[in-house]
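Chain residues, written in single-letter form:
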Amino acid sequence: MKKSVLVLASLGLTGALMLTGCGKSDDVLVVGTNASFPPFEYVGGASGDEIMGFDIDLARQIAKDAGKTLKVENMNFDSLIVALNAGKVDFIASGMTITPERQASVNFSEPYYEATQMVLVNKDNNSINSLDDLKDKHIAVQLGSTGDIMAKSYSQQVTAFNSGFEAVMELKNAKVDLVLFDSEPAISFLEKNPQLKMVELDFSPEFYGFAVAKDKVELLNSINTSLSTMKQNGGYDAIVNKHMK
Ligand code: GLN
């Protein structure tokens, strides 16, 4: 008798821990993001502290299709894959480019957006007209981004920041020559900073995917199913039209 009470009590405790541990429960899907990548993810809304954007709308629909509520965890871009593989988040939606290096540690969904790198400079800077011109320049990037990796292949002087926003601040303060960043957030930063301009160079296309831990095959399948349904029923286009100009 005593023993079964104990078993029940400990089961209750385990259940409670499962519900509260990492803020996760069975009806919640936790997405990891770095909300300084507009229009894909940024902090805004009426309250000023809501995490919103293109990726978040797609992620919300993915959660809805799985019968779950979406919970968003905001962190440094550089911490996302670690958090995923530690089970702190269920998937990553953060404008993350599918690369072979990342594919060694996570699985990606089907690509959901095509992007490219873009150069931002101060308006009076006319010294960058080709990829070759990058080699003697001081480049600011976001830590752990494809821009970071690429910049290092062009120049010895690369400074990495925790967000694209901080990289842009450095450029505005003329501490670096340029920022190398993904095209859509670069355009978005440009709108708020009229003293900057954009230079398009011959960078290869990149494809964003949602990342899932290697052993979460079911979740990966359900993300891919949601994506293809959204592409067929107009849901994807509506989210594109809502966020992209
Ligand atoms: N697409 C880039 C990458 O995957 C940048 C993403 C980001 O900064 N959110 O590295």
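Reference entry: report on the structure contained in this document. Residue positions within a chain follow its written sequence, with the count starting from 1. Since the coordinates come from a predicted model, pLDDT governs what is reported: local features require at least 70, and pairs of side-chain atoms require 80 or more to be given and counted, while whole-chain, interface and lining totals use all residues. Based on all heavy atoms of the structure, the side-chain values leave hydrogens and waters out of the count.

Comments concerning the site of the ligand
Each residue is tested against the molecule or strand, and it is near if at least one of its non-hydrogen atoms lies within 4 Å. Not every one of the 13 residues close to the ligand is listed here, only the nearest: Thr97, Arg102, Gln142, Thr146 and Asp182. Any pair of nitrogen or oxygen atoms within 3.5 Å is treated as a polar contact; in protein, a donor-acceptor pairing is required on top of that, and neighbouring residues in sequence qualify only through side-chain atoms on both sides. A distance of 2.7 Å is found between an oxygen atom of the ligand and a backbone nitrogen or oxygen belonging to Thr146. Between the ligand and the protein, one listed contact pairs a nitrogen atom with a side-chain N or O atom of Asp182 at 2.6 Å. Surface exposure here means Shrake-Rupley accessible area, sampled with a 1.4 Å probe, where a residue is shielded only by the protein chains that are shown. Burial of the ligand by the protein chains amounts to 100% of its free accessible area of 300 Å². Gly falls in the polar group here, along with every residue not listed as nonpolar (Ala, Val, Leu, Ile, Met, Phe, Trp, Tyr, Cys, Pro) or charged (Asp, Glu, Lys, Arg). Tallied by class, residues from the shell around the ligand come to five nonpolar, six polar and two charged.

Describing helix α5 (residues 146-154)
An α-helix turns once per 3.6 residues; consequently, residues spaced three or four apart project the same way. Here's how the labels work: a residue is buried when its accessible area is under 20% of the maximum for its type, exposed when over 50%, partly exposed in between, all with a 1.4 Å probe on protein chains only. Each helix is a run of H or I in the DSSP string that is no shorter than four residues. Each strand is a run of E no shorter than two, and both are numbered from the N terminus. Of the residues making up α5, those classed as buried are Thr146, Gly147, Asp148 and Ala151. By definition in these notes, contact holds between two residues if any of their heavy atoms fall within 4.5 Å. The inward-facing, buried residues of α5 abut α4 (100-103), β9 (117-122), β10 (139-142), β11 (158-161), β12 (178-182) and β14 (206-208).

Points about the pairing of strand β3 (residues 41-44)
Pairs of strands are assigned from DSSP output, requiring at least two bridges between the strands. Relative to β3, strand β2 (residues 36-37) runs antiparallel, the two being bridged by two bridges. Looking across to β3, one finds that Ser36 is bridged to Tyr42. Sheet topology places β3 next to strand β4 (residues 50-52); three bridges connect them, and they run antiparallel. By the bridge assignment, Val43 is partnered in β4 with Ile51. The turn linking β3 back onto β4 is made up of five residues, and Gly45 within it adopts a positive phi angle of 80°.

Quick look at the side chain of Thr146
Looking at the secondary structure, you find Thr146 in helix α5. Apart from residues lying up to four places away in sequence, Thr146 is in contact with Thr97, Thr99, Arg102, Gln117, Asp182 and Glu206.

Description of the nonpolar core
Formed by 43 residues in total, the largest nonpolar core has its most connected members in Phe54, Phe91, Tyr113 and Phe210. The biggest single contributor to this core is helix α2 (residues 54-65), with six residues. In this view, Tyr113 contacts Phe40, Phe54, Glu184, Glu206, Phe207, Tyr208, Tyr236 and Met244; residues no more than four positions away in its chain are not counted. The nonpolar core is taken to be a set of buried Ala, Val, Leu, Ile, Met, Phe, Trp, Tyr and Cys residues, with the residues joined through side-chain atoms within 4.5 Å. Of all hydrophobic cores here, the second largest spans 15 residues; its members include Met75, Met96, Ala211 and Ala213.

Regarding unusual backbone geometry
With omega at 0°, the peptide bond leading from Pro38 into Pro39 counts as cis. As for its position among the elements, Pro39 is in the loop between β2 and β3. Here the phi dihedral of Ala174 falls at roughly 55°; this positive angle occurs in a residue that is not glycine. With respect to the helices and strands, the residue Ala174 is situated in the loop between α6 (164-172) and β12. For Ala174, a relative accessible area of 60% gives the class exposed.

With respect to the packing of α2 against helix α8 (residues 217-233)
Every axis corresponds to a line fitted to the C-alpha atoms, with the helix fit spanning only the stretch in contact, and the corresponding angles, defined between N-to-C directions, vary from 0 to 180 degrees. Between α2 and α8, the least distance of the axes is 9 Å, while the angle of their chain directions is 115°. Of the possible angle classes, the one that applies to α2 and α8 is roughly perpendicular. Note that α2 runs across α8; the crossing there is right-handed. Residue-level contacts link Leu58, Gln61, Ile62 and Asp65 of α2 to Ile223, Ser226 and Met230 of α8. Every angle not falling under 35 degrees, over 145, or within 65 to 115 is termed oblique; those three ranges are roughly parallel, roughly antiparallel and roughly perpendicular. By convention the crossing between two helices is left-handed if the near helix lies anticlockwise of the far one by an angle smaller than a right angle, and right-handed if it lies clockwise.

With respect to the packing of aromatic side chains
In this scheme Phe, Tyr and Trp rings, the latter by its six-membered ring, pair at centre separations within 6.5 Å, and the angle between planes marks the pair as stacked below 30 degrees, edge-to-face above 60, and tilted otherwise. Applying the stated rule across the entire model yields 15 aromatic pairs. Here Phe181 and Phe189 contribute two aromatic rings whose centre-to-centre distance is 6.0 Å and whose plane-to-plane angle is 25°, an arrangement assigned as stacked. Each member of the pair, Phe181 as well as Phe189, carries the same accessibility label: buried. Members of the aromatic cluster, connected to one another through ring pairs, are Phe37, Phe40, Phe54, Phe91, Tyr112, Tyr113, Phe181, Phe189, Tyr208, Phe210 and Tyr236. The ring of Tyr236 has Lys231 lying over it, and the distance from NZ or CZ to the ring centre is 5.2 Å. By the criterion adopted, a ring carries a charge over it if an Arg CZ or a Lys NZ lies within 6 Å of its centre and within 35 degrees of its normal.

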